[in-house]
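# Coordinates in review
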Amino acid sequence: MSSRRILFLGGSGVISTSCVRAAVAAGHDVTVLNRGRSPRALPRDVRELVADVRDAEAVSAALAGADFDVVADFLSFVPAHVQTALEVAGGRAGQYIFISSASAYQKPPTRVPVTESTPLRNPFWQYSRDKIACEDLLVAAYRDRGLPVTIVRPSHTYDDTLLPTMGGWTDVARLRAGKPVVVHGDGTTQWTLTHSDDFAVGFTGLLGNPAAIGEAFTLTGTHAPTWNQIYSWLADAAGVADPQFVHIASEAIAAWDPDLGPGLLGDKAHSMVFDNTKVSALVPEFRTTIPFDEGARRILAWFESHPERQQIDERRDAMFDRMIAHARSAGA
C-alpha cells in the first residue's frame, strides 16, 4: 500500500488510538486533530493539532489549508457535527470515512447474521438514530454531488482500558468481594466483541481504497460469545473461581436505571452476530485474533497497573444490591 496523508478527527479514543497506530505502522503520514485531552499517548511520528472540532474557525486555522488523501471522522454523532466536519475538512480529502455504529442496524433483528443490507432502524436508542441520520446525510451527499464517503459500522469495540459490562470496575470489585453480579436477560444471548487492535486492521485496509468509496462496511470481527461467557472470563481473569450471577430481564434493569435502558434494549439485549464478508473481501488480513478470554486478561492486567482507575460506582453498586434482593424475593 502506498503512503497516504491521513487526517484523524479524534485519534485518541478507544477505537481511534489503535487505528492511528496501525496507520503509522502501515507507513502513512498521519495527522490527528482533537482537543489534546486524552490519556492515551499518540505515536511519536504523528503530527498533533489541537482544536475543538465543533469550532469551524479553530479547525480551519489549525489545518491552515492542508489537504489530505483521507479524513477519518471519529467525532461526529449528530448531523450537525457531520455538516461542520464536511465544511472544514470534507473538501480537503479524496475520501471521507465516517464512523457510524452497528447499533444502527434493525432492533430487534429479524435474522442473523446481520449484513450491510440489514435495515437501519433502532426505536430504542437515540444515539443509534442520530448515527442513522448522519448516514442519511452522507449518502445523499454521495448521490447528489459525489462526496467520496465510506461508512464504517463497528459494534462493541474495546481496548485494554475498557470493561464491557454494565458495572465496569464495580462488577470486578463485586466479584472479588464474593458478591453476585447482575447479568441482563438469561445470559445466553450472543454479543460480538472486537478488540480495537483487530478493528484497526480492517479499518487501515480501507484507507485510500477506491473500492470503498460510496460503500458501507460492517467491521466487527467474528467473535460472539454469550454474556455468561463474557462475565465468566472476566471472573477468571480477576481470580474468582466461583462467581455468582443473577439474571434479570433487560426491561427490568431499564426500569431500575434508565441510563442503562437504551444500550440494553437498543443493542445488548439482542443476539448480535455479524457477517464481515464485505470488508474481508477488500481487506483479507482482517480477522479476529484477540478473543475475549484473552481480552479479559489484558483488561485486568491494565487495571492492576492503574489502581487509580479502579473506581467503584457507589450508586450503581447499591442499585445492584437492591435489584438482586428484589429479584430473589420475587423468585422466592
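You'll find the structure just up there.
Figured I'd write up the structure that's included with this text. No experiment lies behind these values; they were computed from the predicted model shown. (Residues numbered from 1 in each chain as written. Predicted model: local features only at pLDDT ≥ 70, side-chain atom pairs only at ≥ 80, totals over all residues. Heavy atoms only, no water.)

### With respect to the overall build of the chain
Each helix and strand in the chain was counted, giving 12 helices and 11 strands. Scaling as 2.2 N^0.38, a compact globule of 332 residues should have a C-alpha radius of gyration of about 20 Å, and the chain matches this with 20 Å. Within the chain, the fraction of its 332 residues that count as buried is 52%. Counting contacts in the chain only where the partners sit at least 6 residues apart, residues at least 24 apart contribute 76% of the total. Within the structure as shown, the chain displays about 14000 Å² of accessible surface, and the carbon and sulfur contribution to it stands at 50%. (Helix = DSSP H or I, 4+ residues; strand = E, 2+ residues; numbered from the N terminus. Rg over C-alpha atoms; globule rule 2.2 N^0.38 Å. Buried < 20%, exposed > 50% of the residue type's maximum accessible area, 1.4 Å probe, protein only. Contact = heavy atoms within 4.5 Å. Areas by Shrake-Rupley, 256 points an atom, 1.4 Å probe, with all protein chains shown as cover.)

### Quick word on the packing of aromatic side chains
Tallied over the full model, the rule gives 12 aromatic pairs. Ring-pair connections join several aromatic residues into one group, and the members of that group are Phe8, Phe74, Phe199 and Phe203. Its guanidinium or amino end placed over the ring of Phe217, Lys278 lies 5.1 Å from that ring's centre, counting from NZ or CZ. (Phe/Tyr/Trp six-rings, centres within 6.5 Å; stacked < 30°, edge-to-face > 60°. Lys NZ or Arg CZ within 6 Å of the ring centre and 35° of its normal.)

### So, the pattern of salt bridges
Per the counting criterion, the structure on display carries 16 salt bridges. Its salt-bridge partner being Asp321, residue Lys179 comes within 3.4 Å of it at the nearest N-O pair. A residue pair is termed long-range when its members are at least 10 positions apart, and Lys179 in the loop between α5 (169-176) and β8 (181-184) and Asp321 in helix α12 (residues 314-331) qualify at 142 residues. Judged by its relative accessible area of 26%, Lys179 is partly exposed. Salt bridges here are not isolated pairs; linked through shared partners, they connect Arg21, Asp160, Asp197, Glu294 and Arg298. (Salt bridge = Lys/Arg side-chain N within 4 Å of Asp/Glu carboxyl O.)

### What to know about the side chain of Asp317
Among the structural elements, Asp317 can be located in helix α12. Contacts of Asp317, omitting those with residues within four sequence positions, involve Thr170, Arg174, Lys179 and Ile312.

### Section: the packing of α5 against helix α11 (residues 292-304)
Packing of α5 against α11 brings their axes to within 12 Å, and their N-to-C directions diverge by 90 degrees. As far as their axial angle goes, α11 and α5 are roughly perpendicular. Touching Trp169, Val172 and Arg176 of α5 are Leu300, Phe303 and Glu304, all from α11. The residue inventory of the contact of α5 with α11, partitioned by class, reads four nonpolar, no polar and two charged. (Axes fitted to C-alpha atoms, helices over the stretch in contact; angles between N-to-C directions. Parallel < 35°, antiparallel > 145°, perpendicular 65-115°, else oblique. Nonpolar A, V, L, I, M, F, W, Y, C, P; charged D, E, K, R; others polar.)

### Some thoughts on the nonpolar core
In terms of nonpolar packing, the biggest core is built from 40 residues, with Met166, Val182, Ile253 and Phe292 touching the most fellow members. Counting only elements with at least two residues in this core, the list comes to α5, β8, α7 (227-237), β11 (245-248), α11 and α12. Beyond its immediate chain neighbours, meaning those up to four positions away, Ile253 contacts Met166, Val182, His184, Ile248, Leu260, Leu264 and Met323. Residues Val30, Val32, Ile99 and Val279 belong to the second largest nonpolar core, which totals 27 residues. (Core = buried A, V, L, I, M, F, W, Y, C linked by side-chain atoms within 4.5 Å.)

### As for the side chain of Thr161
Mapped onto the fold, Thr161 is located in the loop between β7 (156-158) and α5. Since its relative accessible area comes to 15%, Thr161 is described here as buried. A polar side-chain atom of Thr161 sits 2.9 Å from a polar atom in the side chain of Arg40. Of note is the side chain of Thr161, whose polar atom sits 2.7 Å from the side chain of Asp159. Ignoring sequence-local partners within four residues, the contact set of Thr161 consists of Arg40, Trp302, Phe303 and Arg309. (Polar contact = N/O pair within 3.5 Å; in protein donor to acceptor, adjacent residues only side chain to side chain.)

### Quick look at the sheet that holds strand β6 (residues 149-153)
The strand order across the open sheet built from seven strands is β3-β2-β1-β4-β5-β6-β10, with neighbouring strands paired in parallel fashion. Across the chains shown, the open sheet's two edge strands, defined by having one partner strand only, are β3 (47-50) and β10 (215-218). Strand-to-strand twist across the sheet, computed as the mean angle between neighbouring axes with direction ignored, equals 20 degrees. In this structure, β6 lies alongside β10, joined through four bridges in parallel fashion. From the neighbouring strand, Thr150 faces β10, where its bridge partner is Glu215. Here helix α4 (residues 126-145) sits on the sheet and contacts β5 (96-99) and β6; the angle it forms with β5, its principal contact strand, is near 160 degrees. (Pairing = 2+ DSSP bridges.)

### So, the pairing of strand β1 (residues 5-9)
Among the five residues in β1, four count as buried, and that is most of the element. Bridge count for β1 against strand β2 (residues 29-34) is five bridges, and the pairing is parallel. Residue pairing for β2: Leu9 is matched across the bridge by Leu33. One crossover worth recording links β1 to the parallel β2 by way of helix α1 (residues 16-25), and it is right-handed. The pairing of β1 with strand β4 (residues 70-73) spans four bridges and is parallel. (Right-handed = clockwise from strand over helix to strand, strands pointing away.)

### Observations concerning the environment of Met323
Structurally, Met323 can be placed in helix α12. Counting along the chain gives 75 residues from Met323 to Ile248, while the straight-line C-alpha distance between them is 8.2 Å. Discounting residues that sit within four places of it in the chain, Met323 has contacts with Val182, Ile248, Ile253 and Trp256.

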